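Spelled out from the first residue to the last, the chains are:
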Amino acid sequence: MCGIVGYVGPREAQPILMEGLRRLEYRGYDSAGLTVLGSDADLHSLKRAGKLTELADALDVAPLRGRCGIGHTRWATHGPPTEMNAHPHLSADGSIALVHNGIIENAGALRKKLQAEGVEFQSETDTEVVVHLIDRLWPEGGSLEDAVVAALEQVIGAYGIVVVSSRDPDKIVAARQGSPLLLGVGSDGEFLVGSDAAAVVAHTREVVYLDDGDYAVLTPEGYRTYHLRQGPVNRQVHEVTWDLAAIEKGGFEHFMLKEIFEQPRTLRDVTRGRLLEEEGSARLGGITIDDRELLSVNRIVITACGTSWHSALIGEYMLEELARIPTKVEYASEFRYKNPVVDEHTLVIVVSQSGETADTLAALREAKRRGATVMGIVNVVGSSIARETDFGVYLHAGPEIGVASTKAFTSQVAALALFTLYLARRRNLSILEGRKLVKALQALPGQVEEILEQDQAIRTLAERYRDAPNFLYLGRGYQFPVALEGALKLKEVSYIHAEGYPAAEMKHGPIALIDENMPVVFLAPHDGVYHKVVSNIEEVKARDGQVIAVVNDGSEELDGRVDHFLQVPETHPALLPILTSIPLQLLAYHIAVLRGCDVDQPRNLAKSVTVE
Ligand code: AGP
């Protein structure tokens, strides 16, 4: 949520900042701006409402020249997405510029206090108070970092801020509390800062993650890291393992389509080196607690948001069915407000693609506070959630840029299956059952390739339903969370209203919606509840609903009873969600494209939700 980039070094800053913003645009895209320290020793800024191209066009006409600068792409929290509310925000005399990601919770009180002292505000944002505080608290003869530290003492809330000033030139100060920030350590005296590695990876693979309470000072001579209370601190330099191609479209029209088509590879990568064929089990190097401790757990709580919450629901079915351990799934946003029953015998699993979702991070901290052991299932290496959990499993899916999560979802389900196998084999699952799951996991990439071959047929289906105002998605058992996920994908990218429901619950209300105009997507693979779902399909057909059924072999009796089939191969029932979700990703994608929607950057959304 909001992308931040900063550069200081020997090269012109503007192209580097704009490239960084282009790669961060998925984090927020309602307005953007840059500030650069010019050779006249003044700060020069340009901001535009709308997509980054608006700013790029303005910069073509009036470029900003200089070797130190900051940039921002915004996802509005306080104040509409206007040019005035776009970042960077400036002090009254224009000598300090600041970009911010997060929410300043005491902005109202600080604004009143500053206004009473005569400060005039230019924007409606919470951010602007911070730049005025820095200005007013700048100590006599002090540095930019002294002023930033003094201002942060008064600030309550979440922030990743990056500041430059003409009063202390060729320097960037970055500070983090609750919103991600990392430094990029370049060669030849150039240093970058970004809200994620995508901002800097074109220039360096060496990054330093800031922790909460940290601030950093970057100049062409080097960088220093401090903690607000502990003083100077050393933070390790990490190497980014993926390359630029991972954040390019690679010939696809959209990132979402590229990421859907990457799934054979991502499913191979999530299981690589982790399957033990003979033992019918999994090897998970990231699980660093010993078996005794793991087996003392008597309950699992999985917490997450959005699509990750859907994969968590599938994990609940797997863990209860195969590892026979009571498991509950909680919305991370609800978890800490409900006095959850969590103690030292509870394993809390947090699932997150970005590893930065504010609610999920807060739930993690609450679980730890209550004494639980916390495990992460995370994609982004080095993210806050990955660093704060006790141990975990990385997805290795590579950067996911499309705002609608696709490949991360299927990798999360695969990672949950691996963990289920790991735990179940230590508890109760027989070696034979374990081997079946291992085999099924190995077969997934090839099976996904088969599903992807239906892309054109799914596009044709999308043409038929592109103008439907509503959709219903129904499934039972393992397929219920797939119904939720299918509906979420469609809503997010096409703006069609869609609901996911447990198939049998339909007759307790949603059946009232069914008529000849209602497309109903049934998840009807041949599993333990197949015959029940067939009855639910009959109920919809009896009311003239249009039925699209996702099926596999053994569903022949549905011939002639549904309007359209989407076929997936056979697999272990616990892994079927991975296969059945993929045609639904393609259906949502094609409907959205046919409706002219911006699938990679849907309205009002942001990839990583770093505010509560
Ligand atoms: C997915 O399509 C969504 N854009 C969203 O629901 C997302 O899954 C949610 O915000 C959680 O994000 P995370 O996995 O990065 O924590």
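Scroll up a little and you will see the structure.
Criteria and thresholds
Residues numbered from 1 in each chain as written. Predicted model: local features only at pLDDT ≥ 70, side-chain atom pairs only at ≥ 80, totals over all residues. Heavy atoms only, no water. Helix = DSSP H or I, 4+ residues; strand = E, 2+ residues; numbered from the N terminus. Expected span 1.5 Å × (residues − 1). Buried < 20%, exposed > 50% of the residue type's maximum accessible area, 1.4 Å probe, protein only. Axes fitted to C-alpha atoms, helices over the stretch in contact; angles between N-to-C directions. Parallel < 35°, antiparallel > 145°, perpendicular 65-115°, else oblique. Left-handed = near helix turned anticlockwise from the far one by under 90°. Contact = heavy atoms within 4.5 Å. Nonpolar A, V, L, I, M, F, W, Y, C, P; charged D, E, K, R; others polar. Polar contact = N/O pair within 3.5 Å; in protein donor to acceptor, adjacent residues only side chain to side chain. Near = heavy atom within 4 Å. Areas by Shrake-Rupley, 256 points an atom, 1.4 Å probe, with all protein chains shown as cover.

Caption draft 1: Broad picture of helix 18 (residues 576-594). For helix 18, which comprises 19 residues, the first-to-last C-alpha distance of 28 Å matches the rise-based estimate of 27 Å (1.5 Å per residue) to within 8%. With 19 of 19 residues buried, helix 18 lies mostly within the body of the structure. Backbone geometry just after helix 18 places Gly596 at a positive phi near 80°.

Caption draft 2: Inspection of the packing of helix 14 (residues 431-452) against helix 18 at higher detail. Where helix 14 contacts helix 18, the two axes come as close as 10 Å, and the packing angle between them is 30°. Relative to helix 18, helix 14 is oriented roughly parallel. Crossing geometry of helix 14 relative to helix 18 is assigned as right-handed. Taken together, the residues of helix 18 that come into contact with helix 14 (itself represented by Leu444, Gln447, Val448, Ile451 and Leu452) are Ile578, Leu579, Ile582, Pro583 and Leu586. Across the contact of helix 14 with helix 18, the residue classes tally to nine nonpolar, one polar and no charged.

Caption draft 3: Focus on the side chain of Lys407. Within the element layout of this structure, Lys407 appears in helix 13 (residues 407-427). A distance of 3.0 Å separates a polar atom in the side chain of Lys407 from a polar atom in the side chain of Glu262. If sequence neighbours within four positions are ignored, Lys407 has contacts with Glu259, Glu262, Gln263, Arg265, Thr266, Ala397, Gly398, Pro399 and Glu400.

Caption draft 4: Focus on the side chain of Thr420. Mapped onto the secondary structure, Thr420 falls in helix 13. Thr420 gets classed as buried once you look at its relative accessible area, which sits at 1%. The contacts of Thr420, once residues within four sequence positions are left out, are Met318, Leu319, Leu322 and Ala323.

Caption draft 5: Molecular detail of the environment of Ala32. Here Ala32 lies in strand 2 (residues 31-37). Each C-alpha atom, one on Ala32 and one on Ser308, is 29 Å from the other, the two residues being 276 residues apart in sequence. Ignoring sequence-local partners within four residues, the contact set of Ala32 consists of Leu46, Lys47, Arg48, Gly50, Leu52, Leu55, His72, Thr73, Ala86 and His87.

Caption draft 6: Main features of the site of the ligand. If you check the shell around the ligand, you find 14 residues, and the closest are Ser308, Ser352, Ser354, Thr357 and Glu492. For the ligand, an oxygen atom lies 2.7 Å from a polar atom in the backbone of Gln353. Taking Ser354, its side chain carries an N or O atom lying 2.7 Å from an oxygen atom of the ligand. Against a free-state accessible area of 410 Å², the protein chains account for coverage of 90% of the ligand. Of all the secondary structure elements, the ones that give two or more residues to the shell around the ligand are helix 9 (306-323) and helix 16 (479-494). With three residues, helix 9 is the single largest residue contributor to the shell around the ligand. In the shell around the ligand, the residues fall into four nonpolar, eight polar and two charged.

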